[in-house]
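For reference, the chains in residue letters:
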Amino acid sequence: MKALIATYLRELRAYFFSPLAYAIGTFVLIVNGILFGIIVSFLADPRSAGGPPFEYFFNMTWIVLLFITPLLTMRLISEERRSGSIEVLMTAPVTEAQVVVGKYLAVFTFFFSLWLPTLLFAAIVDTYGDLDWGSVLSGYLGVLGVGALALAIGTLASAFTRSQIVAGVIGFALLFVFFFVFGWMESLSNSELLKRLFGYLNVGGPIQDYARGIVGTRSLLYYVSTTVFFLFLASRVLEAKKWR
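Since the model is a prediction, treat every value here as computed from it, not as a measurement. (Residues numbered from 1 in each chain as written. Predicted model: local features only at pLDDT ≥ 70, side-chain atom pairs only at ≥ 80, totals over all residues. Heavy atoms only, no water.)

Side note on the packing of aromatic side chains
The geometry of two aromatic rings is summed up by the distance between their centres and the angle between their planes.
Here's step 1: Per the stated rule, a full pass over the model turns up 18 aromatic pairs.
Here's step 2: Where phenylalanine 54 meets phenylalanine 58, the ring centres are 5.6 Å apart and the plane angle is 45°; that geometry is what we call tilted. Of this pair, phenylalanine 54 and phenylalanine 58 are both found in helix 3 (residues 53-59), four residues apart, which corresponds to roughly one turn of the helix.
Here's step 3: Owing to a relative accessible area of 4%, phenylalanine 54 belongs among the buried residues under this scheme.
Here's step 4: By relative accessible area, phenylalanine 58 is classed as buried at 1%.
Here's step 5: Centre to centre, the rings of phenylalanine 108 and phenylalanine 111 are 6.4 Å apart; their planes meet at 35°, and the pair counts as tilted. With phenylalanine 108 and phenylalanine 111 both in helix 7 (residues 96-115) and three residues apart, the pair spans about one turn of that helix.
Here's step 6: Judged by relative accessible area, phenylalanine 111 falls into the buried class, the value being 0%.
Here's step 7: Put simply, the rings of Phe36, Phe54, Phe57, Phe58, Phe121 and Tyr140 pair up and form one aromatic cluster.
Here's step 8: Directly above the ring of tyrosine 15 sits arginine 75, whose terminal nitrogen or CZ lies 5.4 Å from the centroid. (Phe/Tyr/Trp six-rings, centres within 6.5 Å; stacked < 30°, edge-to-face > 60°. Helix = DSSP H or I, 4+ residues; strand = E, 2+ residues; numbered from the N terminus. Buried < 20%, exposed > 50% of the residue type's maximum accessible area, 1.4 Å probe, protein only. Lys NZ or Arg CZ within 6 Å of the ring centre and 35° of its normal.)

Side note on the environment of alanine 157
Here's step 1: Looking at the element boundaries, alanine 157 is found in helix 9 (residues 133-160).
Here's step 2: Once the C-alpha coordinates of alanine 157 and aspartate 209 are considered, the two residues, 52 residues apart in sequence, prove to be 29 Å apart.
Here's step 3: Each residue touching alanine 157, except ones within four places of it in the same chain, is listed here: Ala167, Ile170 and Gly171. (Contact = heavy atoms within 4.5 Å.)

Focus: the pattern of salt bridges
Here's step 1: With the rule as written, the count across this model stands at two salt bridges.
Here's step 2: Linking glutamate 11 and arginine 75 is a salt bridge whose minimum nitrogen-to-oxygen distance equals 2.7 Å. Of this pair, glutamate 11 sits in helix 1 (residues 2-16) while arginine 75 sits in the loop between helix 4 (62-73) and helix 5 (78-83), placing them 64 residues apart in sequence.
Here's step 3: Two residues, lysine 103 and glutamate 11, come together in a salt bridge whose shortest N-O distance is 2.7 Å. Taken together, the residues lysine 103 in helix 7 and glutamate 11 in helix 1 connect sequence positions 92 residues apart. We note that lysine 103, like glutamate 11, is buried.
Here's step 4: Because the salt bridges share partners, they merge into one network encompassing Glu11, Arg75 and Lys103. (Salt bridge = Lys/Arg side-chain N within 4 Å of Asp/Glu carboxyl O.)

So, the nonpolar core
Soluble globular proteins tend to bury their nonpolar side chains together.
Here's step 1: Judged by nonpolar contacts, the single largest core of 61 residues is most densely connected at Phe54, Phe57, Ile68, Leu72, Phe111, Trp115 and Val203.
Here's step 2: Setting aside anything within four residues of it in sequence, one finds isoleucine 68 in contact with Ile24, Phe27, Val28, Phe111 and Leu114. (Core = buried A, V, L, I, M, F, W, Y, C linked by side-chain atoms within 4.5 Å.)

Here's the deal with helix 13 (residues 217-240)
Here's step 1: For helix 13, which comprises 24 residues, the first-to-last C-alpha distance of 35 Å matches the rise-based estimate of 34 Å (1.5 Å per residue) to within 8%.
Here's step 2: Every buried residue of helix 13 is listed here: Ser219, Tyr222, Tyr223, Thr226, Thr227, Phe230, Leu231, Ala234, Ser235, Val237 and Leu238. (Expected span 1.5 Å × (residues − 1).)

What to know about a nonpolar patch on the surface
Here's step 1: Together, Phe27, Phe67, Phe172, Phe176, Trp184 and Leu188 line one region of the surface with nonpolar side chains, adding up to about 620 Å² of accessible area.
Here's step 2: The greatest single-element share of the nonpolar patch, amounting to four residues, is contributed by helix 10 (residues 164-188).
Here's step 3: For phenylalanine 176, the position within the fold is in helix 10. (Patch = residues over 30% accessible without salt bridge, like charges linked within 9 Å, V, L, I, M, F, W, Y side chains within 5 Å. Areas by Shrake-Rupley, 256 points an atom, 1.4 Å probe, with all protein chains shown as cover.)

What follows is the structure, encoded as structure tokens:
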């Protein structure tokens, strides 16, 4: 446990002292601000259908998730392998799983911190209108669930290669499959069994339910189990490539 915590704190410091991380954080705040501004302007139009602003907001978060999670994770392991520091790290009394989990928890903590400022949007809406905080918290739970899975996929991609760019491309490609390809296959499938399977694998599908305040135990189980699965794969890949 001490080794895991040490890895976590080391990686977390690297994120909060990294110019790239702050550039990504600024990008997230700007994009979220623009999206929320567009939504408010749309709902203020008398011709719009109306509805809770945060339902629209959470339904559009996949745009941010799809692009920032590969950027956040692409250096996690690939940079250690490129610089050769992974060999030094792995000679210490620490397992591959502890390295992967420690690094993953660090990037998830940073990812979580990126969404905290958006609570100001909720405070503003609550000040000038009636805000359903239950639905808002449910929406954030959905964002964190999807983000946890996306970051685990990015961690696996980073374990495959020494190049951050290649890791980012692999991570983006895998996320594209989980966000879009499975959704398309669900809509195109004629088999009820395959339709259910692809619907279950579609990462972005449950976001709409969470945005409306509907928390599904099946989707939560999917996010948790798949996240653990991808982290397990990342630890096995790191073990296989440790001395290469």
